[in-house]
Every structure is written in structure tokens, then in C-alpha cells.
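Coordinates in review
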Amino acid sequence: MHQEKTDLSHLYYSKQIVSDEYPEITLEPVNFRNVGWSLGNDCPLNCTQCYSRSAREKGMNLNVPLINRIIKQLKILGVETVNLGGNEPIYTNGLNPKKSLLPHILEELNKNDIKVGITTAGPTLNVLQQIYPNHIRLINDIDISLDSPYQEEHDNNRGFKGIYNLANQAIQICRNHNIPHSIIMCGMKWNFTEDRINRMIDLCLRTDSNFRVNPLKPTELKHMAEILSPQQYYEGLRTILDRCTPIDLSDPAWAASAGIKSEQVSGCPCGTNSFRIHSITPDGKIPISPCVYLHDYKTGNLATDPIKDILESVPFQVFRRRKAHPEMIEGCSNCVQISVCKAGCASRSYLHNLHLSEGKLKSLFQKDPYCPAENLVLVPRTKISHSDESLVHMGYLCTGIFKVQK
């Protein structure tokens, strides 16, 4: 008899369960430059693909002393860019935007010469325009989330009627202020189709937007029903490259399949070049993790611990070992793609195998399910083009940012 799989997400994210894998091997050097920061635990949306909802728990909010401490720690580390996302970043301490600490965060990051970006489905930028218009100039670049070029599809997926219109208003605000901006699409089974991709590219062309794509990572078991098949993952990239040029291709499986050289992309950037600051917990802790998608790997408390100490902890060391030794992963040792792919996206590899094993396999030393050596879809050879824009998501996350060819 078929037995229904059990969603164990609430157990995965309740405590650190990281195995100290291969402690005897050497570590990849680090050069932390790009950081993501989830500011709060509140969000009015109900997005099906949300990667942070299962790890957010209301109880405490940020305050000015905590914010100042975090930014000071980032400055000590030499961080260059910070992206504010996770929930809608205007909601730093509840759903009343007039009490938001986002303006203070923007001011302090700018004072410390840290470029700041915002990822929003629309509400954050619209609220800034209405209540804090002078702070928009403090944002380096903005990513506006759209799951579909069709209004009804997007609104239904976000669980918020009218959010499509708010996203388009946010795009126009970017244009009015001459702020570099990207339309960001989470690639899922239902939306990463040739017709929708082309319509999204058309929208980018009309609105002077870059096109950014994050293939869905299954942070929850239910996401496994919506992840891309390997064929769809590569066919979607082929469709994009027919009309666009990559200005960043930090998804290593995509990069390897497109013939990107290891001088431009060399493995997953998470845990060595970038990391994530998570939202505050009910007991006042602010953990960080090597990757925004891997809540199992949350560690430390940035409210009290020196950031350099946290970055030397076991979760970060495991990420560094994986990147330094992809040859230790089954199926990767003799691969001609290894210098670029390095076993692919760490979080995708971990989460995919975690869910397939019903929570039993908790290992980072797994191969990307979208292994480019097994790719049967012909992807055009390309190269990453120089961009005059300095975008905060360059080199942060396994993503792709594309400039539409006119």
C-alpha cells in the first residue's frame, strides 16, 4: 500500500542538526563580500514558494541597538553589499509601516559605505514612496518579484489580490528614480515555460529591467511537487539565452552547461563568498547560515557573538570543505565540468536528497540533481558580459541575472 510521505519541516528547522562531515580535509578560502538579511517575521503575503516562512517565528523584533551592532559587524568583516529580503523588508517590527526601522537600516548601511539592495513583491517600495520617499535614493538596486506575466496567476500564487499591480508600480518607481532593477522570477514547474519566460522577457524589455531567475529550492517537502525537472531547468535556460546575455551566472550547473569558464564562476558561492542573516527568534537570537535556503545550517547569535567567530563554526566549515573537495562527491571526481560546477548548488543538493530520503539523509556532500554532465538539453555556449551596474545579487546565491538583447 502506498504510504503518504510526512512533512518533517518543523523538525528540520527547530535546531541545528548539521553533521561535521569530513573534518580532516582542507577548507576553501573565504572572501565574504555579499550578505542577505531577513529583517522581520511579518509578511502580508502567502507565497507558495516562500523559503523563509517555515523558519520565521513571531515573538521579538529588531531594535536600533541590534541593527547598529549587526551593521558594525558587517563593516568589520569588509562586506560590500547587503540585500534586504526574506519577508517584505518594510515590516521590520510588525505590519505597521509607520513603525518600520527600514529607513534607519538604509541610512546606517549607506553611512558605512555598504551598497544595499531590496527584494520586494511591491509593497516595500510602494510604502517607501508614500511615507519615506527620501530614502529611496539610498537603495543601490531593487529586485521586484513576479511569478507570472499573467496577473491572475501571479496574484493567486502570492495569495494577495492586487499584488501584480503593486509589483508593476514598484517597477515604475525604479524607473522614475533611475534605480537599476531586475524582475525576479522563481522558476517552478508551472511557470518556467517557454511562453511565460518570453512574456517576462518582453516585460523586461518594455520596462528597462534585468531578468533574474532563481530555480525553486525545496525548503519544504511540499515544494518537491513544484521543482523543475532537469529537462525543464535547462530548456528554460536555453529559452532565456536565445534573447538575453548573462551578466551574472552564479548557478554553477547553469554556468557549466553554458560553457562559462572557471575564472568567472567556480562552484556555489554560499558559505565562502556570501551568507544569510536570519530574522530574529522569539528568544532574541539572530542566527546566520551559509545559505538562505538551508535553515538546518543556522548557527550562532549575531546579537552577541563576534561575526568572525560564527563564520568559523561547523556549518560554515562543512560548506567550505564541500567546495574545496567536490571530487569526494559520488559521480563528480572525473567530471570535465568539475572546475566550474564543483558538484553544483549546495542547498539544492542537500534539500533534494533530504526530502527523497524522507529526512534520513542529512549530508551536504551530495551531487546537484541538475548535474550538467547528465544534461541532455543543448544549451547555447555564452559568456558573462560586463555590466556597468553593480548589483547586490552578483555572486550571491545560485542565480542568474540576464540583460535583455534589444
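Refer to the structure presented above.
Residues numbered from 1 in each chain as written. Predicted model: local features only at pLDDT ≥ 70, side-chain atom pairs only at ≥ 80, totals over all residues. Heavy atoms only, no water.

With respect to the environment of Val-318
- Relative to the elements of secondary structure, Val-318 occurs in helix 11 (residues 314-324).
- Spatially, the C-alpha atoms of Val-318 and Glu-21 are 6.2 Å apart, while their sequence positions differ by 297 residues. (Helix = DSSP H or I, 4+ residues; strand = E, 2+ residues; numbered from the N terminus.)

Looking at empty space enclosed by the protein
- In this structure the tally under the stated criterion is four cavities of 30 Å³ or more.
- In this structure, the second largest cavity encloses a volume near 80 Å³.
- Around the second largest cavity, the lining residues are Gly-331, Cys-332, Cys-335, Gln-337, Ile-338, Cys-341, Lys-342, Ala-343, Lys-367, Cys-371 and Pro-372.
- Here the lining of the second largest cavity is composed, by residue class, of seven nonpolar, two polar and two charged. (1 Å grid on protein atoms, 1.4 Å probe; cavity = no way out; pocket = protein on both sides within 12 Å on 5 of 7 lines; lining within 4 Å. Points joined across faces, edges and corners; volume = space filled by probe spheres on them. Nonpolar A, V, L, I, M, F, W, Y, C, P; charged D, E, K, R; others polar.)

As for the pattern of salt bridges
- If you walk through the whole model with that rule in mind, you get 15 salt bridges.
- We note a salt bridge from Asp-143 to Arg-212, for which the minimum N-O separation is 2.6 Å. Note that Asp-143 is positioned in strand 4 (residues 141-145) and Arg-212 in strand 6 (residues 210-215), a separation of 69 residues in sequence.
- Assessed through its relative accessible area of 1%, Asp-143 is described here as buried.
- Ionic pairing is found between Lys-367 and Glu-374, a salt bridge with its closest N-O pair at 2.8 Å.
- Residues joined in a network through salt bridges with shared partners are Glu-153, Asp-195 and Arg-196. (Salt bridge = Lys/Arg side-chain N within 4 Å of Asp/Glu carboxyl O. Buried < 20%, exposed > 50% of the residue type's maximum accessible area, 1.4 Å probe, protein only.)

Let's talk about the packing of aromatic side chains
- Taken as a whole and assessed by the stated rule, the structure comprises eleven aromatic pairs.
- With a centroid separation of 5.4 Å and 80° between ring planes, the pair formed by Phe-32 and Phe-275 is classed as edge-to-face. Here the residue Phe-32 occupies a position in the loop between helix 1 (9-12) and strand 1 (34-38), and Phe-275 occupies one in strand 8 (residues 274-277), the gap between them amounting to 243 residues. Here Phe-32 matches Phe-275 in class, with each residue buried.
- A ring pair is formed by Phe-275 and Phe-316, whose centres lie 6.3 Å apart and whose planes are at 80°; its orientation type is edge-to-face. Of this pair, Phe-275 sits in strand 8 while Phe-316 sits in helix 11, placing them 41 residues apart in sequence.
- By the ring-pair criterion, three or more aromatic residues cluster together here, those being Phe-192, Tyr-233, Tyr-234, Trp-254, Tyr-370 and Phe-402. (Phe/Tyr/Trp six-rings, centres within 6.5 Å; stacked < 30°, edge-to-face > 60°.)

Description of the packing of helix 4 (residues 123-131) against helix 6 (residues 163-176)
- Orientation of helix 4 relative to helix 6, taken along the N-to-C sense of each, is 55°, at an axis distance of 8 Å. Classified by the angle between their axes, helix 4 and helix 6 sit oblique to one another. Of the two possible hands of crossing, helix 4 and helix 6 adopt the one that is left-handed. Contacts from Pro-123, Leu-125, Asn-126 and Gln-129 in helix 4 reach Ile-163, Leu-166, Gln-169, Ala-170, Ile-173 and Cys-174 in helix 6. (Axes fitted to C-alpha atoms, helices over the stretch in contact; angles between N-to-C directions. Parallel < 35°, antiparallel > 145°, perpendicular 65-115°, else oblique. Left-handed = near helix turned anticlockwise from the far one by under 90°. Contact = heavy atoms within 4.5 Å.)

A short note on the nonpolar core
- The biggest cluster of nonpolar side chains holds 91 residues, and the ones touching the most others in it are Trp-37, Leu-74, Leu-84, Phe-275 and Ile-277.
- Trp-37 has contacts with Leu-62, Ile-67, Ile-70, Ile-71, Val-82, Asn-83, Leu-84, Gly-85, Ile-105, Arg-276 and Ile-277, leaving out every residue within four places of it along the chain. (Core = buried A, V, L, I, M, F, W, Y, C linked by side-chain atoms within 4.5 Å.)

Focus: the sheet that holds strand 2 (residues 81-85)
- Pairing in this open sheet of ten strands is mixed, and the strands run 7-10-6-5-4-3-2-1-8-9 from one edge to the other. The open sheet terminates on both sides in strands that have one partner only, identified here as strand 7 (244-249) and strand 9 (288-289).
- Pairing analysis gives five bridges linking strand 1 to strand 2, with the strands arranged parallel. Paired with Ser-38 across the two strands is Gly-85, which belongs to strand 2. (Pairing = 2+ DSSP bridges.)

Here's the deal with the environment of Asn-140
- Inspection of the secondary structure assignment puts Asn-140 in the loop between helix 4 and strand 4.
- For Asn-140, a relative accessible area of 22% gives the class partly exposed.
- Residues Asn-140 and Asp-202, 62 residues apart in the sequence, show an inter-C-alpha distance of 24 Å.
- Contacts of Asn-140, omitting those with residues within four sequence positions, involve Lys-115, Val-116, Ile-179, Pro-180, Ser-390, Leu-391 and Val-392.
- At 2.6 Å, the side chain of Asn-140 forms a polar contact with the backbone oxygen of Ser-390. (Polar contact = N/O pair within 3.5 Å; in protein donor to acceptor, adjacent residues only side chain to side chain.)

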